[in-house]
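Analysis of the macromolecular model
The chain contents come next:
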Amino acid sequence: MKRVITGNQAVAYGVILSRVDVVSAYPITPQTTIVEELSELIASGRLKTRFLKVESEHSAMAALIGASTGGVRCFTATSSHGLAYMHEMLHWASGARLPIVMVNVNRAIGPPWNIWSDQSDSLSQRDTGWIQLYCENNQEVLDTILQAYLIAEKVKLPVMVVLDAFVLSHTSEPVEVPSMEEVDSFLPPFCPDYPIDTQEPRAYSVITMPEHFMEFRYKIQKAMEEVPDVSKKVDDEFRSRFGRGYGAIERYGKEEAEVLLMTSGTVTSTSRTVIRKLNEDGLSVAGLKIKRFRPFPSEEIYGAIKGAKKLAVIDRNLSAGVGGIFAQELRASLYPREERPQVFGFVSGLGGRDITPELIGQAIQYTVEHPQPEEEILWLGLKR
Amino acid sequence: MNKIKVPITENLGHGHLACAGCGAAISMRLTLKALGEKTIMVFPASCWSIVPGFWPYSSYRITAVHAGFVTGAATASGVRAALDVRGDDETLVAVWAGDGGTFDIGLQALSGAAERNENLLYICNDNEGYMNTGTQRSSATPLLAWTTTTPVMQPKENPKKDIMAIMADHHIPYAATATIAYPEDLIRKLEKAKGIRGTRFIHLFSPCPPGWKMASEQSVKISRLAVRSRIFPLYEIENGRDYTIQEEQRVVPVREYLKLQGRFSHLTEKDIEITQANVDDTWERLLRRARC
């Protein structure tokens, strides 16, 4: 059924349809309407889920670690400072190999206080062992949550589904909401390998000496390496059932373009219209949407950029001292390759400033006109 | 005190790594006897992350869930929620946290769980300091005590935090103090706690020979003197309101308790008087709360 819903409502539908057993969350703008929606649904009896209304994000994730260890399907949502506060527990969730799914609504981290869209929150958690999937629109938000549980439970790693503050979280769009039956046949109940059973007592997350610790980390890396294949199968299956699929990346616009523009999140939607217009005007440019940030889709990207001479990246995030994080990861992934197009790293839209079609046009124009970037960080729309 | 049958089953196995004379090892042994096999115990960081041994071994014969330092009560809330969803309301979910994990870093999560009246049994194994990291002060360290972060030139300036009053004021159904010198009282309280729904809190006093600079054979004796000197009175609080004090008639001056421990060996006569006054005052406060 098609409904006109916000990104945060799409999250709530994703949670309902995934038959989540335990939700634990703490309010933070712009995530709050997710927990409000879920509270309403649970209070009205439409959703049979235990909701732990904890006293902090740290406890929200800790409670899910307990619940997931207990063998049930879990969900939480947060943003910004809340995600940063969870940091320790994010490592714990992946280290304990728990398939928790969390939504992070991208928001800048203060100071100065700022509640608007900025990817620095989720990207500063990139080394915590979580799979990270970025969404472009509300339909993708809902669909990605359904896919996330299947991926998480197969590889035994947690998944962070990421959407932009306000641009998606509080903006209504038409979304096809699948039926419970359709989702049930796609997403089977969670069957953990080692659920808690007092008849067969086990010790979980036991202290481990240097002679064994590294092997546990190796196994996490191996699980991450399975993600491209597993998520492709999940996405293919999803596409065959629901007629929609996303891939780890998506290339659009002119084939065999010399200039490629790489974006993530809602900036991709704006870029689509800019690139369509430029293609009509005869410019050889194409777009590259990055959905999966962890594990970084190096192979997929390399396959999609063959022939391109220049890659422009727009990062709505900043790792101070380095620049945009997507650009940094892209450079690292290209280094061992034979064909290494010039990477133009643009930083723009921090703290929710609009990344307008004009700014995107400027980035493309700069990339077309320059054989190589004049600076390692190209600030787009900065008031100097 | 009435005699109580102590279960024969041992749920703390051989080969654990506790120090000689560890009061908490006796506490744990008795606790696991009282709680039985149908128990899941959550362990935020403390000596008890190490004591059962290293992977792939564990001397716990019950289900043990090791957890982040801050998270004892939060992780346990999640385990409880999972069991509830699975339709298991028989299995007991317990937390075993140190005083650091309870009085200090874990207090927010504990307060949250207690306010929600989560159905779990929280045991604070209090050895009055960060003993696993080598005896640093916590807010459970007593007034004027030596620790590695309160050296004798500047011993602890503040009295111990009143964790029982804090827990009682969350109006939880049951809170009790207990110690190994009174094992029947300890087991009775654990069994009573086990039969109650909601958040239950046991404040367990466990001497630490290396941290307290005391002889390893005196853990039980020092526990008993802690009760007799009213350093650590035994009592129960039901619903944050109804107090029952297991009053020890053989009261001794606090000096008797202090003199057996190197952590107090720097105390002057004046310091001992100050300590005695503090203990008397805390006892009066307890009696006042119990009368209200």
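Going by the structure above, here's the rest.
These lines cover the structure that appears in this document, whether it is placed above or below. Remember, it's a predicted structure, so these values are computed and weren't measured experimentally. (Residues numbered from 1 in each chain as written. Chains lettered and ligands numbered in written order. Predicted model: local features only at pLDDT ≥ 70, side-chain atom pairs only at ≥ 80, totals over all residues. Heavy atoms only, no water.)

Within this structure, the stated rule accounts for 18 aromatic pairs over all chains. Considering the side-chain rings of F346(A) and Y366(A), the 6.0 Å spacing of their centres and the 90 degrees angle between planes classify their relative orientation as edge-to-face. Here the residue F346(A) occupies a position in strand β15 (residues 342-348), and Y366(A) occupies one in helix α12 (residues 357-369), the gap between them amounting to 20 residues. Like F346(A), the residue Y366(A) is buried in the burial classification. In this structure an aromatic cluster arises from ring pairing among Y134(A), F293(A), F296(A) and F326(A). Taking NZ or CZ as reference, R337(A) lies 4.7 Å from the ring centre of Y302(A), over its face. Directly above the aromatic system of W212(B) lies the positively charged group of R263(B), at a separation of 3.8 Å from the ring centroid. (Phe/Tyr/Trp six-rings, centres within 6.5 Å; stacked < 30°, edge-to-face > 60°. Helix = DSSP H or I, 4+ residues; strand = E, 2+ residues; numbered from the N terminus. Buried < 20%, exposed > 50% of the residue type's maximum accessible area, 1.4 Å probe, protein only. Lys NZ or Arg CZ within 6 Å of the ring centre and 35° of its normal.)

Attention now goes to unusual backbone geometry. Residue and element names in this part refer to chain A. Geometrically, the link from G110 to P111 is a cis peptide bond, its omega value of 0 degrees lying close to zero. Mapped onto the secondary structure, P111 falls in the loop between β5 (101-106) and α5 (120-123). Residues P111 and P112 are joined by a peptide bond in cis, for which omega reads -5 degrees. Look at K156: it is not a glycine, yet its phi comes out positive at around 60 degrees. If you trace the backbone, K156 turns up in the loop between α6 (138-155) and β7 (159-164). One non-glycine residue with positive phi stands out, namely E256, at about 50 degrees. Take E256: it is sitting in the loop between β10 (249-253) and β11 (259-263).

Here the focus is the interface of chain B and chain A. Contacts between chain B and chain A engage 38 residues on the former and 38 residues on the latter. Both sides of the chain B and chain A interface together cover about 2,900 Å² of buried area, and 65% of this is carbon and sulfur. Taken together, chain B and chain A are joined by two salt bridges. Here D84(B) makes a salt bridge to R50(A), at a shortest N to O gap of 2.7 Å. (Contact = heavy atoms within 4.5 Å. Buried area = accessible area lost by both parts, 1.4 Å probe. Salt bridge = Lys/Arg side-chain N within 4 Å of Asp/Glu carboxyl O.)

With that settled, consider the packing of helix α3 (residues 57-69) of chain A against helix α2 (residues 72-85) of chain B. Relative orientation of the contacting elements α3(A) and α2(B) amounts to 45 degrees, with a least axis distance of 6 Å. Judged by the inter-axis angle, α3(A) sits oblique to α2(B). Regarding α3(A) and α2(B), the two cross each other, and that crossing is right-handed. Residues S59(A), A62(A), A63(A), G66(A) and A67(A) of α3(A) touch α2(B), and the partners they reach there are A74(B), T75(B), G78(B), V79(B) and A82(B). (Axes fitted to C-alpha atoms, helices over the stretch in contact; angles between N-to-C directions. Parallel < 35°, antiparallel > 145°, perpendicular 65-115°, else oblique. Left-handed = near helix turned anticlockwise from the far one by under 90°.)

Another aspect to go through is the side chain of E118(B). Position of E118(B) relative to the elements: it lies in the loop between α4 (107-115) and β4 (121-126). Judged by its relative accessible area of 5%, E118(B) is buried. One polar contact links E118(B) to R116(B), side chain to side chain, over a distance of 2.7 Å. Not counting the four nearest positions on each side in its chain, E118(B) is found in contact with R50(A), L52(A), S77(B), A113(B), G198(B) and T199(B). (Polar contact = N/O pair within 3.5 Å; in protein donor to acceptor, adjacent residues only side chain to side chain.)

Further remarks concern the state of the cysteines. Residues and elements named next belong to chain B. The final tally for this structure, using the stated rule, is zero disulfides over all chains. Between C47, a cysteine without a disulfide, and C208, which holds the nearest cysteine sulfur, the sulfur-to-sulfur distance is 6.4 Å. Judged by its relative accessible area of 23%, C47 is partly exposed. (Disulfide = S-S within 2.5 Å.)

This part takes up the sheet that holds β5(A). Residue and element names in this part refer to chain A. The sheet built from seven strands is open, its strands ordered β3-β2-β4-β5-β7-β6-β13 with mixed pairing. The two strands at the open ends of the sheet, each matched to only one other strand, are β3 (50-53) and β13 (292-294). Across the sheet, the axes of successive neighbouring strands diverge by a mean angle of 20 degrees, strand direction being ignored. Strand direction decides the pairing type here: strand β2 (residues 22-25) and β3, joined by four bridges, are parallel. What sits directly across from S24, in β3, is L52. (Pairing = 2+ DSSP bridges.)

It is worth spelling out the pattern of salt bridges at this point. Residues and elements named next belong to chain A. Counting across every chain of the model gives 44 salt bridges over all chains. With its nearest N and O atoms 3.0 Å apart, the salt bridge here joins R126 to E329. Residue R126 is located in the loop between α5 and β6 (131-134), and its partner E329 is located in helix α11 (residues 325-334); the two are separated by 203 residues in the primary sequence. Residue classification places E329 among the buried positions, given a relative accessible area of 12%.

Now for the layout of surface pockets. The volume enclosed by the largest pocket comes to roughly 1,500 Å³. In terms of lining, the largest pocket is formed by 44 residues, of which the most central are G95(A), A96(A), R97(A), S205(A) and F216(A). Among the secondary structure elements, those contributing two or more residues to the lining of the largest pocket are α3, α4 (80-95), α6, β9 (203-204) and α8 (210-242) of chain A. Take the lining of the largest pocket: its biggest share by element is seven residues, from α8(A). The class makeup of the residues in the lining of the largest pocket is 25 nonpolar, nine polar and 10 charged. Its boundaries defined by the atoms lining it, the second largest pocket holds a volume of some 610 Å³. What lines the second largest pocket is a set of 32 residues, among which K160(B), K161(B), D162(B), I231(B) and T282(B) lie closest to the centre. Looking at the lining of the second largest pocket, the elements that each hand over two or more residues are α5 (163-168), β6 (200-205), β7 (235-238), α9 (254-258) and α10 (269-291) of chain B. With nine residues, the single largest contributor to the lining of the second largest pocket is α10(B). (1 Å grid on protein atoms, 1.4 Å probe; cavity = no way out; pocket = protein on both sides within 12 Å on 5 of 7 lines; lining within 4 Å. Points joined across faces, edges and corners; volume = space filled by probe spheres on them. Nonpolar A, V, L, I, M, F, W, Y, C, P; charged D, E, K, R; others polar.)

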